[in-house]
Amino acid sequence: MWKAVGMFTPGALDQVRDQLLAIGYTLDGVERRLGPQALAGLARNSSVAASEALGDADDPQACAIRLWLLQQPVAVRGLGGLPIEALVEAGLLAGTDELRAAVELKPYGSETRSGWLCSDQTPLDGRVGRPRPDFVLGASPASTTLAQLVPRQSVDSALDLGTGCGIQTLHLADHCGSVVATDLNPRALDLARITLGLSGVEADLRLGSLYQPVAGEGFDLVVTNPPYVMSPPGGELIYREGGFEADGLMREVVGSVPLNPGGTLVVLGNWAETADRPWQERVAEWLPPGCDALALQREALDPYEYIEIWLADAGLLGTPAYLPEYRRWLRYFEASRITGVGMGWIFVRRTGSVSPDIRLEEWPHSVAQPVGDAIAAHFEAIDPATWPDVRLLAAAWRCSPAVAQETIGRPGADDPEHIALRQSSGLCRAVAVDTALAAVVGACDGDLPLGVLLAATASVLEVDPDALTADVLRRLRPLIADGFLIPEPDCSQPGRVAGTPDRFS
(Lines give C-alpha, C1' and ligand atoms only; values in the text may rest on other atoms or scores of the structure.)
Protein backbone atom coordinates (compact mmCIF):
# COMPACT_ATOMS: atom_id res chain seq x y z
CA MET A 1 0.00 0.00 0.00
CA TRP A 2 1.38 3.41 -0.93
CA LYS A 3 1.91 5.83 1.89
CA ALA A 4 1.07 9.48 1.43
CA VAL A 5 3.84 12.04 1.68
CA GLY A 6 3.11 14.27 4.63
CA MET A 7 4.21 17.65 5.88
CA PHE A 8 7.29 18.29 7.98
CA THR A 9 6.93 19.87 11.38
CA PRO A 10 8.24 23.46 11.66
CA GLY A 11 12.02 23.45 11.51
CA ALA A 12 12.35 19.77 10.53
CA LEU A 13 12.96 20.50 6.85
CA ASP A 14 15.66 23.00 7.76
CA GLN A 15 17.28 20.33 9.92
CA VAL A 16 17.20 17.86 7.02
CA ARG A 17 18.85 20.40 4.72
CA ASP A 18 21.55 21.25 7.28
CA GLN A 19 22.39 17.57 7.80
CA LEU A 20 22.47 16.80 4.07
CA LEU A 21 24.98 19.60 3.69
CA ALA A 22 26.96 18.40 6.70
CA ILE A 23 27.41 14.87 5.33
CA GLY A 24 28.22 16.08 1.83
CA TYR A 25 25.10 14.74 0.15
CA THR A 26 25.20 17.56 -2.40
CA LEU A 27 25.63 17.71 -6.16
CA ASP A 28 29.33 18.49 -5.94
CA GLY A 29 29.90 16.00 -3.13
CA VAL A 30 28.18 13.13 -4.93
CA GLU A 31 29.95 13.90 -8.21
CA ARG A 32 33.35 13.79 -6.48
CA ARG A 33 32.49 10.60 -4.57
CA LEU A 34 31.13 8.57 -7.49
CA GLY A 35 33.09 9.82 -10.49
CA PRO A 36 32.01 10.17 -14.14
CA GLN A 37 31.49 6.48 -14.93
CA ALA A 38 29.14 5.89 -12.00
CA LEU A 39 27.23 9.09 -12.76
CA ALA A 40 26.85 8.02 -16.39
CA GLY A 41 25.55 4.67 -15.18
CA LEU A 42 22.92 6.32 -13.00
CA ALA A 43 21.87 8.41 -16.01
CA ARG A 44 21.23 5.05 -17.73
CA ASN A 45 19.27 3.86 -14.66
CA SER A 46 22.04 1.45 -13.70
CA SER A 47 23.36 1.35 -10.13
CA VAL A 48 26.23 -1.12 -10.63
CA ALA A 49 29.05 1.35 -11.27
CA ALA A 50 27.95 3.54 -8.34
CA SER A 51 27.83 0.53 -6.01
CA GLU A 52 31.35 -0.43 -7.11
CA ALA A 53 32.55 3.14 -6.50
CA LEU A 54 31.24 3.06 -2.92
CA GLY A 55 32.63 -0.38 -2.13
CA ASP A 56 32.05 -1.27 1.51
CA ALA A 57 31.98 2.33 2.73
CA ASP A 58 29.37 3.01 5.42
CA ASP A 59 30.00 6.69 6.22
CA PRO A 60 26.92 8.98 6.22
CA GLN A 61 27.51 10.28 2.69
CA ALA A 62 27.85 6.76 1.29
CA CYS A 63 24.73 5.64 3.16
CA ALA A 64 22.72 8.57 1.82
CA ILE A 65 23.82 7.71 -1.72
CA ARG A 66 22.85 4.06 -1.23
CA LEU A 67 19.52 5.02 0.27
CA TRP A 68 18.23 7.69 -2.11
CA LEU A 69 20.12 7.12 -5.34
CA LEU A 70 20.78 3.35 -5.40
CA GLN A 71 17.54 2.34 -3.61
CA GLN A 72 19.42 0.09 -1.19
CA PRO A 73 18.55 -0.40 2.50
CA VAL A 74 20.82 1.15 5.13
CA ALA A 75 21.10 0.99 8.91
CA VAL A 76 19.71 3.88 10.94
CA ARG A 77 23.09 4.49 12.57
CA GLY A 78 24.69 5.11 9.17
CA LEU A 79 22.86 8.38 8.44
CA GLY A 80 24.61 10.61 10.92
CA GLY A 81 22.48 13.38 12.38
CA LEU A 82 19.62 13.22 9.88
CA PRO A 83 16.24 13.47 11.67
CA ILE A 84 15.09 9.91 10.95
CA GLU A 85 11.82 10.14 12.85
CA ALA A 86 10.77 13.26 10.90
CA LEU A 87 11.71 11.66 7.56
CA VAL A 88 9.73 8.52 8.38
CA GLU A 89 6.76 10.53 9.60
CA ALA A 90 6.80 12.62 6.39
CA GLY A 91 6.84 9.47 4.26
CA LEU A 92 10.32 9.88 2.77
CA LEU A 93 11.73 6.84 4.60
CA ALA A 94 10.25 3.54 5.76
CA GLY A 95 11.49 1.06 8.38
CA THR A 96 12.86 1.03 11.90
CA ASP A 97 16.36 -0.43 12.38
CA GLU A 98 16.86 -0.85 8.62
CA LEU A 99 15.63 1.97 6.44
CA ARG A 100 14.46 2.10 2.84
CA ALA A 101 13.75 5.20 0.80
CA ALA A 102 10.11 5.75 -0.12
CA VAL A 103 11.04 8.49 -2.59
CA GLU A 104 14.06 9.61 -4.55
CA LEU A 105 15.92 12.54 -3.01
CA LYS A 106 18.50 13.55 -5.59
CA PRO A 107 21.07 16.35 -5.36
CA TYR A 108 20.43 18.86 -8.13
CA GLY A 109 21.79 22.21 -9.18
CA SER A 110 20.45 25.16 -11.14
CA GLU A 111 22.54 27.98 -12.56
CA THR A 112 22.92 29.76 -9.22
CA ARG A 113 21.98 27.33 -6.46
CA SER A 114 22.51 23.80 -5.22
CA GLY A 115 19.56 21.84 -3.93
CA TRP A 116 17.64 18.57 -4.12
CA LEU A 117 14.78 17.08 -6.12
CA CYS A 118 12.16 15.01 -4.30
CA SER A 119 10.28 12.64 -6.61
CA ASP A 120 9.14 9.07 -6.93
CA GLN A 121 11.81 6.46 -7.56
CA THR A 122 13.04 5.66 -11.04
CA PRO A 123 13.25 1.87 -11.68
CA LEU A 124 16.91 0.79 -11.69
CA ASP A 125 18.86 -2.10 -13.17
CA GLY A 126 16.20 -3.34 -15.55
CA ARG A 127 13.45 -3.60 -12.95
CA VAL A 128 10.03 -3.05 -14.50
CA GLY A 129 6.95 -2.03 -12.61
CA ARG A 130 3.73 -0.21 -13.28
CA PRO A 131 3.89 3.31 -11.85
CA ARG A 132 1.26 4.42 -9.38
CA PRO A 133 -1.44 6.67 -10.94
CA ASP A 134 -0.15 9.74 -9.08
CA PHE A 135 3.51 8.95 -9.87
CA VAL A 136 5.76 12.04 -9.79
CA LEU A 137 8.68 12.13 -12.21
CA GLY A 138 12.09 13.40 -11.18
CA ALA A 139 14.70 14.81 -13.52
CA SER A 140 14.18 13.37 -17.00
CA PRO A 141 15.48 14.12 -20.51
CA ALA A 142 12.30 16.09 -21.17
CA SER A 143 12.56 18.22 -18.01
CA THR A 144 16.25 18.97 -18.46
CA THR A 145 15.66 19.87 -22.12
CA LEU A 146 12.81 22.19 -21.16
CA ALA A 147 15.01 23.96 -18.63
CA GLN A 148 17.49 24.71 -21.43
CA LEU A 149 14.78 26.08 -23.74
CA VAL A 150 13.78 28.88 -21.36
CA PRO A 151 15.20 32.38 -22.01
CA ARG A 152 17.14 33.56 -18.96
CA GLN A 153 16.22 37.25 -18.98
CA SER A 154 14.95 38.56 -15.66
CA VAL A 155 11.16 38.88 -15.49
CA ASP A 156 8.72 39.80 -12.75
CA SER A 157 6.37 36.82 -12.88
CA ALA A 158 6.48 33.23 -14.12
CA LEU A 159 4.12 30.26 -14.24
CA ASP A 160 5.40 26.69 -13.99
CA LEU A 161 2.41 24.84 -15.47
CA GLY A 162 2.41 21.21 -14.34
CA THR A 163 5.32 21.57 -11.94
CA GLY A 164 5.68 17.88 -11.02
CA CYS A 165 8.55 17.62 -8.56
CA GLY A 166 9.34 21.34 -8.96
CA ILE A 167 12.40 21.11 -11.20
CA GLN A 168 11.42 24.00 -13.48
CA THR A 169 10.62 26.23 -10.53
CA LEU A 170 14.16 25.73 -9.22
CA HIS A 171 15.46 27.19 -12.48
CA LEU A 172 12.82 29.90 -12.77
CA ALA A 173 13.63 31.18 -9.27
CA ASP A 174 17.07 32.17 -10.55
CA HIS A 175 15.70 34.93 -12.79
CA CYS A 176 12.01 35.47 -11.97
CA GLY A 177 10.71 37.79 -9.27
CA SER A 178 7.86 35.46 -8.35
CA VAL A 179 6.84 31.96 -9.47
CA VAL A 180 3.43 30.28 -9.38
CA ALA A 181 3.68 26.48 -9.74
CA THR A 182 0.55 24.46 -10.47
CA ASP A 183 -0.32 20.79 -10.82
CA LEU A 184 -3.40 18.62 -11.08
CA ASN A 185 -1.74 15.98 -8.88
CA PRO A 186 -1.82 16.71 -5.13
CA ARG A 187 1.10 14.34 -4.56
CA ALA A 188 3.19 16.34 -7.05
CA LEU A 189 2.63 19.50 -5.04
CA ASP A 190 3.57 17.66 -1.82
CA LEU A 191 6.88 16.53 -3.31
CA ALA A 192 7.50 19.89 -4.99
CA ARG A 193 7.04 21.55 -1.62
CA ILE A 194 9.86 19.38 -0.24
CA THR A 195 12.04 20.06 -3.30
CA LEU A 196 11.63 23.81 -2.95
CA GLY A 197 11.89 23.85 0.83
CA LEU A 198 15.16 21.90 0.84
CA SER A 199 16.53 24.06 -1.98
CA GLY A 200 15.66 27.39 -0.35
CA VAL A 201 13.17 28.46 -3.04
CA GLU A 202 9.86 30.19 -2.42
CA ALA A 203 6.94 29.67 -4.82
CA ASP A 204 3.17 29.85 -4.78
CA LEU A 205 1.99 26.23 -5.17
CA ARG A 206 -1.59 25.76 -6.43
CA LEU A 207 -3.71 22.71 -7.18
CA GLY A 208 -5.77 22.54 -10.36
CA SER A 209 -5.97 21.76 -14.07
CA LEU A 210 -4.15 23.85 -16.68
CA TYR A 211 -4.89 27.57 -16.24
CA GLN A 212 -7.81 27.23 -13.81
CA PRO A 213 -5.66 27.94 -10.71
CA VAL A 214 -4.47 31.25 -12.24
CA ALA A 215 -7.72 32.47 -13.79
CA GLY A 216 -7.64 36.23 -14.34
CA GLU A 217 -3.87 36.50 -13.88
CA GLY A 218 -1.13 37.18 -16.41
CA PHE A 219 2.54 36.20 -16.53
CA ASP A 220 5.75 37.37 -18.16
CA LEU A 221 6.89 33.77 -18.67
CA VAL A 222 4.99 30.48 -18.85
CA VAL A 223 6.95 27.22 -18.96
CA THR A 224 5.47 23.76 -19.36
CA ASN A 225 6.05 20.15 -20.31
CA PRO A 226 2.36 19.23 -20.05
CA PRO A 227 0.86 15.71 -19.90
CA TYR A 228 0.66 15.59 -23.69
CA VAL A 229 0.60 11.84 -24.36
CA MET A 230 -2.14 11.01 -26.89
CA SER A 231 -3.56 7.87 -25.31
CA PRO A 232 -7.00 6.25 -25.56
CA PRO A 233 -9.63 7.27 -22.99
CA GLY A 234 -9.11 5.79 -19.56
CA GLY A 235 -5.41 6.58 -19.09
CA GLU A 236 -4.70 6.89 -15.38
CA LEU A 237 -1.12 8.24 -15.25
CA ILE A 238 -1.56 11.89 -14.27
CA TYR A 239 2.00 12.92 -15.14
CA ARG A 240 1.59 12.11 -18.82
CA GLU A 241 -2.11 11.85 -19.75
CA GLY A 242 -4.33 14.91 -19.62
CA GLY A 243 -7.66 13.34 -20.58
CA PHE A 244 -8.07 15.34 -23.81
CA GLU A 245 -8.89 13.99 -27.26
CA ALA A 246 -5.71 13.52 -29.38
CA ASP A 247 -3.58 16.69 -29.03
CA GLY A 248 -6.41 18.79 -27.58
CA LEU A 249 -4.43 19.45 -24.41
CA MET A 250 -1.61 21.04 -26.39
CA ARG A 251 -4.14 23.21 -28.23
CA GLU A 252 -5.50 24.42 -24.89
CA VAL A 253 -2.06 25.06 -23.41
CA VAL A 254 -0.97 27.17 -26.38
CA GLY A 255 -4.22 28.86 -27.28
CA SER A 256 -5.29 29.94 -23.79
CA VAL A 257 -1.92 30.99 -22.37
CA PRO A 258 -2.27 34.00 -19.99
CA LEU A 259 0.67 36.11 -21.13
CA ASN A 260 1.31 39.70 -20.20
CA PRO A 261 2.34 42.06 -23.05
CA GLY A 262 5.84 40.97 -24.07
CA GLY A 263 5.43 37.67 -22.22
CA THR A 264 6.77 34.36 -23.52
CA LEU A 265 5.42 30.80 -23.53
CA VAL A 266 7.81 27.83 -23.74
CA VAL A 267 6.27 24.40 -24.39
CA LEU A 268 7.81 20.97 -24.90
CA GLY A 269 5.24 18.54 -26.26
CA ASN A 270 3.83 16.70 -29.25
CA TRP A 271 1.10 17.03 -31.88
CA ALA A 272 -0.80 14.78 -34.23
CA GLU A 273 0.06 14.41 -37.89
CA THR A 274 -2.90 13.64 -40.15
CA ALA A 275 -3.15 12.62 -43.78
CA ASP A 276 -5.33 15.52 -44.83
CA ARG A 277 -3.31 18.50 -43.48
CA PRO A 278 0.31 19.44 -42.75
CA TRP A 279 1.11 19.67 -39.07
CA GLN A 280 2.08 23.32 -39.56
CA GLU A 281 -1.51 24.25 -40.44
CA ARG A 282 -2.91 22.53 -37.37
CA VAL A 283 -0.42 24.03 -34.94
CA ALA A 284 -0.83 27.51 -36.47
CA GLU A 285 -4.53 27.36 -35.61
CA TRP A 286 -3.67 27.00 -31.92
CA LEU A 287 -1.76 30.28 -31.71
CA PRO A 288 -3.42 33.14 -29.83
CA PRO A 289 -3.93 36.42 -31.75
CA GLY A 290 -1.33 39.16 -31.48
CA CYS A 291 1.53 36.72 -30.83
CA ASP A 292 4.74 35.94 -32.68
CA ALA A 293 5.54 32.23 -32.64
CA LEU A 294 8.25 29.71 -33.44
CA ALA A 295 7.41 25.99 -33.59
CA LEU A 296 10.17 23.47 -34.20
CA GLN A 297 9.37 19.83 -34.92
CA ARG A 298 12.41 17.96 -33.67
CA GLU A 299 11.29 14.41 -34.46
CA ALA A 300 8.46 12.59 -36.22
CA LEU A 301 7.34 9.14 -35.06
CA ASP A 302 5.03 6.69 -36.75
CA PRO A 303 2.15 5.39 -34.61
CA TYR A 304 3.94 2.12 -33.81
CA GLU A 305 7.07 3.87 -32.49
CA TYR A 306 5.00 6.27 -30.41
CA ILE A 307 2.77 3.58 -28.89
CA GLU A 308 5.72 1.34 -28.03
CA ILE A 309 7.48 4.18 -26.18
CA TRP A 310 4.51 4.90 -23.96
CA LEU A 311 3.49 1.30 -23.32
CA ALA A 312 7.03 0.65 -22.11
CA ASP A 313 6.85 3.81 -20.00
CA ALA A 314 3.69 2.44 -18.35
CA GLY A 315 5.51 -0.76 -17.37
CA LEU A 316 3.49 -2.98 -19.73
CA LEU A 317 6.39 -4.42 -21.70
CA GLY A 318 6.45 -8.21 -21.23
CA THR A 319 3.10 -8.34 -19.47
CA PRO A 320 -0.11 -10.09 -20.68
CA ALA A 321 -1.72 -6.67 -21.09
CA TYR A 322 0.87 -5.43 -23.60
CA LEU A 323 -0.59 -6.68 -26.90
CA PRO A 324 -4.27 -5.99 -26.10
CA GLU A 325 -3.35 -2.48 -25.01
CA TYR A 326 -1.17 -2.01 -28.12
CA ARG A 327 -4.13 -2.88 -30.34
CA ARG A 328 -6.42 -0.57 -28.37
CA TRP A 329 -4.04 2.33 -28.98
CA LEU A 330 -3.85 1.48 -32.69
CA ARG A 331 -7.63 1.52 -33.02
CA TYR A 332 -7.71 4.88 -31.23
CA PHE A 333 -5.15 6.36 -33.62
CA GLU A 334 -7.08 5.04 -36.61
CA ALA A 335 -10.35 6.49 -35.33
CA SER A 336 -8.64 9.84 -34.69
CA ARG A 337 -7.03 9.73 -38.18
CA ILE A 338 -3.57 10.13 -36.65
CA THR A 339 -0.89 8.96 -39.10
CA GLY A 340 2.13 10.12 -37.10
CA VAL A 341 3.25 12.21 -34.15
CA GLY A 342 5.48 15.27 -34.19
CA MET A 343 7.65 15.90 -31.14
CA GLY A 344 9.05 19.34 -30.57
CA TRP A 345 9.06 22.80 -29.08
CA ILE A 346 6.66 25.74 -29.32
CA PHE A 347 7.57 29.31 -28.35
CA VAL A 348 5.03 32.15 -28.28
CA ARG A 349 5.58 35.83 -27.47
CA ARG A 350 2.71 38.28 -27.00
CA THR A 351 3.55 41.40 -29.02
CA GLY A 352 0.13 42.73 -29.94
CA SER A 353 1.13 42.69 -33.59
CA VAL A 354 -1.66 42.72 -36.17
CA SER A 355 0.71 40.86 -38.54
CA PRO A 356 2.54 38.45 -36.24
CA ASP A 357 5.66 36.61 -37.33
CA ILE A 358 4.92 32.88 -37.33
CA ARG A 359 7.52 30.26 -38.24
CA LEU A 360 6.77 26.53 -38.11
CA GLU A 361 9.75 24.43 -39.15
CA GLU A 362 10.96 20.86 -39.16
CA TRP A 363 14.29 21.06 -37.35
CA PRO A 364 15.77 17.60 -36.70
CA HIS A 365 19.32 18.97 -36.78
CA SER A 366 21.74 19.17 -33.87
CA VAL A 367 21.47 22.17 -31.59
CA ALA A 368 23.81 23.58 -28.94
CA GLN A 369 22.00 23.61 -25.63
CA PRO A 370 21.01 25.75 -23.89
CA VAL A 371 19.03 27.42 -26.68
CA GLY A 372 16.90 29.71 -24.49
CA ASP A 373 18.95 32.81 -25.25
CA ALA A 374 18.83 32.01 -28.98
CA ILE A 375 15.04 31.84 -28.76
CA ALA A 376 14.93 35.23 -27.07
CA ALA A 377 17.24 36.59 -29.79
CA HIS A 378 14.93 35.14 -32.45
CA PHE A 379 12.02 37.20 -31.16
CA GLU A 380 14.18 40.30 -30.77
CA ALA A 381 15.33 39.98 -34.40
CA ILE A 382 11.82 39.99 -35.87
CA ASP A 383 11.58 43.79 -35.88
CA PRO A 384 14.97 44.69 -37.41
CA ALA A 385 14.53 42.00 -40.06
CA THR A 386 11.53 43.98 -41.35
CA TRP A 387 13.07 47.46 -41.30
CA PRO A 388 12.78 49.46 -44.53
CA ASP A 389 15.82 49.27 -46.80
CA VAL A 390 16.89 52.81 -45.98
CA ARG A 391 17.00 51.96 -42.28
CA LEU A 392 18.94 48.76 -42.88
CA LEU A 393 21.52 50.71 -44.90
CA ALA A 394 21.85 53.40 -42.25
CA ALA A 395 22.40 50.92 -39.43
CA ALA A 396 25.70 49.49 -38.27
CA TRP A 397 25.63 45.72 -37.84
CA ARG A 398 27.74 43.16 -36.03
CA CYS A 399 28.32 39.62 -37.19
CA SER A 400 27.43 37.32 -34.29
CA PRO A 401 30.55 35.92 -32.58
CA ALA A 402 28.96 32.46 -32.88
CA VAL A 403 29.15 32.60 -36.70
CA ALA A 404 31.99 30.89 -38.58
CA GLN A 405 32.66 30.76 -42.31
CA GLU A 406 33.24 27.40 -43.99
CA THR A 407 34.68 27.06 -47.48
CA ILE A 408 35.01 24.01 -49.71
CA GLY A 409 37.05 23.87 -52.88
CA ARG A 410 39.73 22.10 -54.86
CA PRO A 411 43.25 22.31 -53.40
CA GLY A 412 45.07 25.28 -54.93
CA ALA A 413 41.96 26.75 -56.54
CA ASP A 414 41.68 30.55 -56.54
CA ASP A 415 38.04 30.58 -55.45
CA PRO A 416 36.05 28.21 -53.24
CA GLU A 417 33.29 26.14 -54.78
CA HIS A 418 31.08 26.52 -51.74
CA ILE A 419 30.86 29.08 -48.90
CA ALA A 420 28.65 28.65 -45.86
CA LEU A 421 28.05 30.63 -42.69
CA ARG A 422 27.35 28.40 -39.70
CA GLN A 423 26.32 29.16 -36.12
CA SER A 424 28.08 27.31 -33.29
CA SER A 425 25.43 28.09 -30.67
CA GLY A 426 21.66 28.01 -30.33
CA LEU A 427 19.91 26.29 -33.22
CA CYS A 428 23.19 26.03 -35.17
CA ARG A 429 21.66 27.29 -38.39
CA ALA A 430 23.72 27.37 -41.56
CA VAL A 431 23.27 29.19 -44.87
CA ALA A 432 25.05 29.05 -48.22
CA VAL A 433 26.40 32.40 -49.41
CA ASP A 434 28.44 33.76 -52.29
CA THR A 435 31.61 35.82 -52.18
CA ALA A 436 29.81 39.16 -52.09
CA LEU A 437 27.46 38.29 -49.23
CA ALA A 438 30.27 36.64 -47.24
CA ALA A 439 32.40 39.76 -47.70
CA VAL A 440 29.62 42.06 -46.47
CA VAL A 441 28.79 39.89 -43.45
CA GLY A 442 32.48 39.56 -42.57
CA ALA A 443 32.91 43.34 -42.68
CA CYS A 444 30.04 43.93 -40.24
CA ASP A 445 31.92 44.78 -37.06
CA GLY A 446 29.55 47.42 -35.71
CA ASP A 447 31.57 50.44 -36.85
CA LEU A 448 30.35 51.46 -40.30
CA PRO A 449 26.80 51.64 -41.71
CA LEU A 450 25.77 48.85 -44.01
CA GLY A 451 25.45 51.25 -46.94
CA VAL A 452 29.12 52.18 -46.68
CA LEU A 453 30.15 48.51 -46.52
CA LEU A 454 28.10 47.71 -49.61
CA ALA A 455 29.65 50.55 -51.57
CA ALA A 456 33.15 49.40 -50.59
CA THR A 457 32.36 45.79 -51.48
CA ALA A 458 31.01 46.81 -54.89
CA SER A 459 34.20 48.74 -55.55
CA VAL A 460 36.44 45.81 -54.61
CA LEU A 461 34.41 43.34 -56.69
CA GLU A 462 34.08 45.84 -59.54
CA VAL A 463 30.30 45.39 -59.81
CA ASP A 464 27.41 47.83 -60.08
CA PRO A 465 26.74 49.19 -56.55
CA ASP A 466 22.98 49.55 -57.07
CA ALA A 467 22.62 45.99 -58.31
CA LEU A 468 24.78 44.64 -55.49
CA THR A 469 22.80 46.59 -52.88
CA ALA A 470 19.46 45.29 -54.14
CA ASP A 471 20.74 41.70 -54.25
CA VAL A 472 22.45 41.72 -50.85
CA LEU A 473 19.60 43.43 -49.00
CA ARG A 474 17.21 40.73 -50.18
CA ARG A 475 19.46 38.02 -48.78
CA LEU A 476 20.48 39.86 -45.61
CA ARG A 477 17.00 39.92 -44.11
CA PRO A 478 16.89 36.14 -43.44
CA LEU A 479 20.36 36.39 -41.89
CA ILE A 480 19.12 39.11 -39.55
CA ALA A 481 16.02 37.09 -38.66
CA ASP A 482 18.16 34.05 -37.87
CA GLY A 483 20.66 35.93 -35.69
CA PHE A 484 23.69 35.99 -37.99
CA LEU A 485 23.73 39.80 -37.89
CA ILE A 486 22.85 41.99 -34.90
CA PRO A 487 22.11 45.74 -35.04
CA GLU A 488 24.17 48.06 -32.90
CA PRO A 489 22.11 49.51 -30.03
CA ASP A 490 22.37 53.11 -31.26
CA CYS A 491 20.87 52.36 -34.68
CA SER A 492 17.25 52.14 -33.59
CA GLN A 493 16.25 55.37 -35.34
CA PRO A 494 15.87 55.63 -39.12
CA GLY A 495 18.57 57.52 -40.96
CA ARG A 496 20.02 58.20 -44.38
CA VAL A 497 23.35 57.16 -45.86
CA ALA A 498 24.97 59.45 -48.37
CA GLY A 499 24.70 57.98 -51.83
CA THR A 500 21.91 55.51 -50.94
CA PRO A 501 19.37 55.36 -53.79
CA ASP A 502 15.87 56.41 -52.73
CA ARG A 503 14.34 53.40 -54.46
CA PHE A 504 15.68 51.16 -51.69
CA SER A 505 13.55 52.94 -49.07
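Residues numbered from 1 in each chain as written. Predicted model: local features only at pLDDT ≥ 70, side-chain atom pairs only at ≥ 80, totals over all residues. Heavy atoms only, no water.

> Give a detailed account of unusual backbone geometry, specifying residues and quantitative values.
Cis peptide bonds are those with omega within 30 degrees of zero, and the linkage from Q369 to P370 qualifies with 0°. Mapped onto the elements, P370 comes out in the loop between strand 13 (358-362) and helix 13 (372-381). Non-glycine residue E462 carries a positive phi angle of around 55°. Inspection of the secondary structure puts E462 in the loop between helix 16 (450-461) and helix 17 (465-481). Classification of E462 as exposed rests on a relative accessible area of 73%. (Helix = DSSP H or I, 4+ residues; strand = E, 2+ residues; numbered from the N terminus. Buried < 20%, exposed > 50% of the residue type's maximum accessible area, 1.4 Å probe, protein only.)

> Tell me what's going on with the sheet that holds strand 16 (residues 418-423), and back it up with residues and numbers.
One open sheet accounts for three strands, arranged 15-16-17; its pairing is antiparallel. The sheet is open, and its two edges are formed by strand 15 (403-408) and strand 17 (430-433), each paired on a single side. The average angle at which neighbouring strand axes cross in this sheet is 25°, direction not considered. Lying over the sheet, helix 15 (residues 435-443) contacts strand 15, strand 16 and strand 17, oriented at roughly 35° with respect to strand 16. (Pairing = 2+ DSSP bridges. Axes fitted to C-alpha atoms, helices over the stretch in contact; angles between N-to-C directions. Contact = heavy atoms within 4.5 Å.)

> Break down the sheet that holds strand 14 (residues 396-399) for me, citing the residues and quoting the values.
Strands sit in the order 18-14-19 across an open sheet of three strands; the sheet is antiparallel. The open sheet has two edge strands, strand 18 (445-449) and strand 19 (485-487), and neither has a second partner. Within this sheet the neighbouring strands show an average axis-to-axis angle of 35°, counted without direction. For strand 14 and strand 18, the ladder comprises two bridges, and the chain directions are antiparallel. Residue pairing for strand 18: R398 is matched across the bridge by D445. Sitting on the sheet, helix 16 is in contact with strand 14 and strand 18, with an inclination near 80° to strand 18.

> An account of the packing of helix 1 (residues 12-22) against helix 8 (residues 186-199) is requested, with residue identities and associated values reported.
One way to put it is that helix 1 packs onto helix 8 with a least axis distance of 9 Å and a crossing angle of 60°. Here helix 1 is positioned oblique relative to helix 8, judged by the angle of their axes. Here helix 1 and helix 8 pass one another in a crossing that is right-handed. Here L13, V16 and R17 of helix 1 come into contact with helix 8, specifically with R193, I194, G197 and L198. A breakdown of the residues in the contact of helix 1 with helix 8 according to their chemical character gives four nonpolar, one polar and two charged. (Parallel < 35°, antiparallel > 145°, perpendicular 65-115°, else oblique. Left-handed = near helix turned anticlockwise from the far one by under 90°. Nonpolar A, V, L, I, M, F, W, Y, C, P; charged D, E, K, R; others polar.)

Interpretation in functional terms is not warranted from these geometric data alone.
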